[in-house]
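Here is what each chain is made of, one letter per residue.
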Amino acid sequence: MAAQQSTACWVWCPVESSQDFKHPADVPIGDEVAAKAAFLELMRGPRLARISPATMLQTKGNLALIAEKGATREVPKSMVLPWYEGLLLLEELEQVQGQAGHLQASWWDEELRAVLEKERTKFRTRRLNGTSYTEQRLLTMAVTGTKFVDGDDREWNYRRENIKADDKLNLVDGEDDGAFFKMREIIGYLPPWEAFHDEKCGFYQDFYQIRWEHPFSEVDYAAVENGATDEKGATWEPDECLPAHMDFLRMAAKKKWITTRRQKEAQAPPPGIRRRPTQSPQALGAAANGSPPPGAAAVKRERPDDVPVPMGRQAKRRRDGTALERDLLMSRAGHDFKPEEVEKTLGQIRSGWPKKAEEYPPGFHVASPPGFCWEACDCMDDQRPQKSFETKKPWLEEQLRSADAFAAISAFSDQTRFVRRRGMVSKMCYFESPGGKFHDQTGAKAAADLMVMIERALQAVLGQIPFGSLSEADAVCIPARAFLSDDSDYEPLLFSATTASGAPMPSWLRVNADTGQISASRPPVAAELPVQLRFDLGAAEGPVAKANVGIVAQNFTGSAAPWFIATTPLAQKYNDSTRCPLERGVWSGLYEHFSEIYDFTRRTSKEKTLGAWLEVVARILRLLRTASGAGLALDPYSARRVGEPRTPTM
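Visitor: Any chance you could explain the overall build of the chain here in plain terms?
Guide: From N to C terminus, the chain includes 14 helices and 25 strands. Expressed as a percentage of its 650 residues, the buried residues of the chain come to 39%. Carbon together with sulfur atoms contributes 53% to the accessible area of the chain, which is approximately 37,200 Å² in total.

Set out below in structure tokens:
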């Protein structure tokens, strides 16, 4: 099997280990016993199959090598579910628990709930976005059944990737013919993770709500196993039942669903905003005395009524009409803060703090959490001690993350040969290096030397970026680490660019000020290339570095690409213990990253897009900087260079 980077995924398996596996997308056709179990006994959806977390190591053809619970095995690729899509399925499962009209799962447990919650914390909104996933991944892909033959007579299994938007030209009036029935229109869509739990669907496929042509349009199908309850003459049908020439209708239904879902999301309250529960007279009396309501003190109430707080429109300019002060982290955001006016308004802080949405200036609204203060709240009075509920932030606390953080601190504290933990008594905790103790610097110096070589390679490659790379799926971002000085320990906050002569950038070029991504709005004419750019990398204190970048007209392919050529000497030095004596654990940790761009068996570079290559090499550069500056050391037991015997060390 071809070497690949391992990725997290989910694997389908039967609910009970004693059961034979049946793919959750398989609709029983021609099997009366299976059909009875699926539709009469409701043995489908989450009652028939479940997902289990795994790691996909390699793929070859229709097989995938996965690692699951400490063991590896080969499974059909159709049994593997993308990680994010599996999370969407779990989130839907959580939301429909106990609701009528949905198939319930007996395997929903605390372990899966913990995985889902941990993944949610990675997002600012603390929730997943099935709408964007459908738009980006499923709009031109059909999640279908066991076997689907498209208009080109190509056979697909479970997923079809050639949905065409121009098939509207091929649509003609339908006719009833044997197993096919004339339909009027598609009026609804459900993504597979929602259809999986719905009693009217129950299979892991895209489902479409079909309104049939007369006379079937007059039939009420609500009592039928797949009949729509809210539309007369309509049923829910899996993707495999729609012919390939209806791809235009498939895509239109998905786009309509995306638009509708986005509208609902826009109307929903922002994360952290909740309706205030009805309070008892005792609770209201407590609030009047300046204490928080019993049982709800951790989060301040948002409004004095039960209406969710609407998101205010973001202001474009300051209240005096001047431009907003640009935010350091998000260049598209700004602030209307005037420090010189603080002293004038200081006396109003305790009495004049906004407690209602209408008390905020236009374009501004409350931060939530924690939300609005209540009328008698005195949280801004710095003359009183803090109350217990004010020192806790339950919306930020996550048990697994806290446990991981404590474990990391404990493991680092055990490295007494080069670090000492202080503050155990005073509770002012910090780490310090033991005075007069220095470990062997050979590995650190090797990491620093290799880091310099990689920085020079990156700078050379960025000097001749082919214009065609700017339109590829992998974004081309400036790796700032290649241009920063040795004493710069953080990424820049702002990327700004001009031409090498100091003139504004060409109108067809775009630079993301936050990430350094370069893109193009249109293909340039021949006379507009090449173009030399000068980037200013900025931090809070101002400019910290400059980067020179060139855009050229040539489209390099295969082994002629500058990044392909630059990879070989980097990988060869990394794998030469004489020229680059890295600490063995560090070498082992870097191997999987170098393997993404270099084949150590064939001793040749791998073909990558420029954007993908930059991402990998920039990652290696950051790891080497850590190894050179922090004396990083990993477990040496499994560390070996290609061709060396595995020799355990004590």
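Visitor: When you look at the sheet that holds strand S22 (residues 531-539) in this model, what are you seeing that I'm missing?
Guide: Note on sheets: strands pair through backbone hydrogen bonds, and any given pair is parallel or antiparallel. The strand order S17-S23-S22-S19 describes an open sheet built from 4 strands, whose pairing is mixed. The open sheet terminates on both sides in strands that have one partner only, identified here as strand S17 (465-466) and strand S19 (494-499). Pairing geometry for S17 and strand S23 (residues 542-552), over 2 bridges, is parallel. The partner of Pro466 across the bridge, within S23, is Val552.

Visitor: Whenever I open this one, the packing of helix H2 (residues 83-95) against helix H3 (residues 110-120) confuses me. Can you help?
Guide: Two numbers describe a pair of packed helices, the interaxial angle and the distance between the axes. At a minimum axis distance of 10 Å, the contact between H2 and H3 shows a crossing angle of 115 degrees. H2 and H3 meet at a crossing whose hand is left-handed. Judged by residue contacts, Trp83, Leu87, Leu90, Glu91 and Glu94 of H2 engage Leu112, Arg113, Val115, Leu116, Glu119 and Arg120 from H3. Of the residues that constitute the contact of H2 with H3, the class distribution is 6 nonpolar, no polar and 5 charged.

Visitor: Can you help me understand the packing of aromatic side chains in this one?
Guide: Note on aromatic pairs: each is described by the distance of the centres and the angle between the planes. Applying the stated rule across the entire model yields 18 aromatic pairs. What links up through ring pairs into an aromatic cluster is the set Tyr574, Trp587, Tyr591, Phe594, Tyr598 and Phe600.

Visitor: Is there a simple way to explain the side chain of His102 in this structure?
Guide: Relative to the elements of secondary structure, His102 occurs in the loop between H2 and H3. A polar contact of 3.2 Å, which involves the side chain of His102, links it to the backbone oxygen of Ala100. Contact partners of His102, with chain neighbours within four places excluded, come to Val96, His197, Asp198 and Glu199.

Visitor: Explain the nonpolar core to me, please; I cannot follow it from the model alone.
Guide: Nonpolar side chains tend to gather and get buried jointly when the protein is soluble and globular. Core analysis: the biggest nonpolar cluster contains 57 residues, and Ile454, Phe535, Ile551, Leu582 and Trp613 have the highest contact counts within it. Mapped by element, the contributors of at least two residues to this core are helix H11 (442-462), S19, S22, S23, helix H12 (562-574), helix H13 (584-594) and helix H14 (610-630). Those residues within four positions of Ile454 in sequence are excluded, and the remaining contacts are Leu570, Phe594, Val617, Ile620, Leu621 and Leu624. The next biggest cluster of nonpolar side chains, apart from the first, holds 40 residues, and it includes Leu88, Leu116, Ala142 and Ile258.

Visitor: Explain the sheet that holds strand S20 (residues 509-511) here, please?
Guide: Here we have 3 strands laid out as an open sheet, ordered S18-S21-S20, and antiparallel in their pairing. A strand with exactly one partner marks an edge of an open sheet, and here the two such strands are strand S18 (476-477) and S20. Both S18 and strand S21 (residues 517-520) contribute to a ladder of 2 bridges, which runs antiparallel. Considered in S21, the bridge of Cys477 is made with Gln517.

Visitor: Sorry if this is basic, but what is going on with H3 here?
Guide: Side chains three or four residues apart in an α-helix point the same way, a direct result of the helix having 3.6 residues per turn. Those residues of H3 not exposed but buried are Leu112, Leu116, Glu119 and Arg120. The arc enclosing the buried residues of H3, seen along the axis, measures out at 105 degrees, which places them on a common side. The exposed residues of H3 that point more than 90 degrees off its buried face are Glu110 and Glu111. Lining the buried residues of H3 we find strand S1 (7-14), strand S2 (49-60) and H2.

Visitor: Can you help me understand the environment of Leu40 in this one?
Guide: Secondary-structure assignment places Leu40 in the loop between helix H1 (32-39) and S2. Under the relative-accessibility criterion, Leu40 is labelled exposed at 68%. For the pair Leu40 and Glu225, spaced 185 residues apart in the sequence, the C-alpha separation amounts to 8.3 Å.

Visitor: Which parts of the structure should I look at to understand the side chain of Asp336?
Guide: Structurally, Asp336 is set in the loop between strand S14 (334-335) and helix H8 (342-345). One polar contact links Asp336 to Arg319, side chain to side chain, over a distance of 2.8 Å. With sequence-adjacent residues up to four places away left out, Asp336 is seen in contact with Arg318, Arg319, Leu324 and Phe364.

Visitor: Is there a simple way to think about the confidence of the model for the chain in this case?
Guide: When pLDDT is low, close inspection of the predicted coordinates is not appropriate. When pLDDT is averaged along the chain, the result is 82; 83% of the residues meet or exceed 70. Within the chain, helix H7 (residues 281-288) has the poorest average pLDDT of any element, 45, and H12 the best, 95. The model gives residues 272-307 a pLDDT under 50, and that stretch makes 61 contacts with residues more than four places away or in other chains. Low pLDDT (under 50) marks residues 635-650, which in the prediction has 26 contacts with non-local residues, meaning those over four places away or in another chain.

Visitor: Quick question: what am I supposed to make of the packing of H12 against H13 here?
Guide: Contact geometry for H12 and H13: axes closest at 11 Å, N-to-C directions at 160 degrees. On the basis of their axis angle, the class for H12 and H13 is roughly antiparallel. Regarding H12 and H13, the two cross each other, and that crossing is left-handed. Of the residues in H13, those in contact with Leu570, Ala571 and Tyr574 of H12 are Trp587, Leu590, Tyr591 and Phe594. A breakdown of the residues in the contact of H12 with H13 according to their chemical character gives 7 nonpolar, no polar and no charged.

Visitor: Looking at this model, I keep getting lost on the pattern of salt bridges. Mind explaining?
Guide: Side chains that differ in charge, positive against negative, can pair when their charged atoms come close. Applying the stated criterion across every chain, the model contains 27 salt bridges. The residue Glu185 makes a salt bridge to Arg211 at a minimum N-O spacing of 2.5 Å. Here the residue Glu185 occupies a position in strand S10 (residues 183-190), and Arg211 occupies one in strand S11 (residues 207-212), the gap between them amounting to 26 residues. For Glu185, a relative accessible area of 31% translates into the label partly exposed. Between Arg420 and Glu432 there is a salt bridge whose closest N-O contact spans 2.9 Å. Highlighted residues: Arg420 in strand S15 (residues 420-422) and Glu432 in strand S16 (residues 430-432), separated in sequence by 12 residues. Taken together, the shared-partner salt bridges connect Glu91, Glu94, Glu117 and Arg120 into one network.

Visitor: Whenever I open this one, the environment of Ala520 confuses me. Can you help?
Guide: Topologically, Ala520 is positioned in strand S21. Spatially, the C-alpha atoms of Ala520 and Phe467 are 8.4 Å apart, while their sequence positions differ by 53 residues. Leaving out residues up to four positions away in the same chain, Ala520 has contacts with Phe467, Leu470 and Trp508.

Visitor: Explain the pairing of S11 to me, please; I cannot follow it from the model alone.
Guide: Residues in a regular strand point their side chains to alternate faces of the sheet. Judged by how many residues are buried, S11 sits mostly within the fold: 6 of 6 residues are covered. The alternating pattern of S11 places Phe207, Gln209 and Arg211 on one face and Tyr208, Ile210 and Trp212 on the opposite face, and all of these are buried. As defined by bridge partners, S11 adjoins strand S12 (residues 234-238) across 5 bridges and the pair is classed as antiparallel. Its bridge partner lying in S12, Tyr208 is registered against Glu237.

Visitor: I would appreciate a short explanation of unusual backbone geometry in the present structure.
Guide: Among all residues save glycine, negative phi is the norm, and among peptide bonds the norm is trans. Here His214 and Pro215 are connected by a cis peptide whose omega angle stands at 10 degrees. By the element assignment, Pro215 lies in the loop between S11 and S12. In the segment running from Leu529 into Pro530, the intervening peptide bond is cis, with an omega of 0 degrees. Residue Asp153 is not a glycine yet carries a positive backbone phi of 60 degrees.

So, how was this worked out
- By convention here, each chain's residues receive numbers from 1 onward along its written sequence.
- Selection of residues for local features in this predicted model requires a pLDDT of at least 70, selection of side-chain atom pairs for listing and counting requires 80 or more, and totals for whole chains, interfaces and linings are taken over all residues.
- Hydrogens and water are ignored here; the side-chain numbers use all heavy atoms of the structure.
- Put simply, DSSP H or I for four residues or longer makes a helix, DSSP E for two residues or longer makes a strand, and each gets a number counted from the N terminus.
- A 1.4 Å probe rolled over the protein chains alone gives each residue an accessible area, and that area as a share of the maximum for its type sets the label: buried under 20%, exposed over 50%, partly exposed in between.
- Per-residue and other accessible areas were derived by the Shrake-Rupley procedure at a 1.4 Å probe size, with only the shown protein chains allowed to occlude residues.
- When DSSP locates at least two bridges between a pair of strands, those strands are taken to pair.
- The axes used here are C-alpha line fits, helices contributing only the stretch in contact, and every angle between their N-to-C directions lies in the interval 0 to 180 degrees.
- Whether a crossing is left-handed or right-handed is set by the direction in which the near helix is turned from the far one by less than a right angle, anticlockwise for left-handed and clockwise for right-handed.
- Residues count as neighbours in contact if any of their non-hydrogen atoms are within 4.5 Å of one another.
- Each residue is assigned to one class: nonpolar for Ala, Val, Leu, Ile, Met, Phe, Trp, Tyr, Cys and Pro, charged for Asp, Glu, Lys and Arg, and polar for all the others, Gly among them.
- Each pair of aromatic rings taken from Phe, Tyr and Trp, with Trp reduced to its six-membered ring, is defined by centres within 6.5 Å and is described as stacked if the planes are under 30 degrees apart, edge-to-face if over 60, and tilted in the remaining cases.
- Throughout this description, a polar contact denotes any pair of N or O atoms lying within 3.5 Å of each other; where both atoms belong to protein, one of them has to be capable of donating a hydrogen while the other can accept it, and for residues adjacent in sequence the pair is counted only when both atoms sit in side chains.
- Definition of nonpolar core: a set of buried residues of the types Ala, Val, Leu, Ile, Met, Phe, Trp, Tyr and Cys, connected through side-chain atoms within 4.5 Å.
- Directions pointing from the helix axis toward each C-beta atom define the arc.
- As a per-residue measure, pLDDT reflects the predictor's confidence and takes values from 0 up to 100.
- When an angle is under 35 degrees it counts as roughly parallel; over 145 it counts as roughly antiparallel; between 65 and 115 it counts as roughly perpendicular; any other value is oblique.
- We count a salt bridge whenever a side-chain nitrogen from Lys or Arg sits within 4 Å of a carboxyl oxygen from Asp or Glu.

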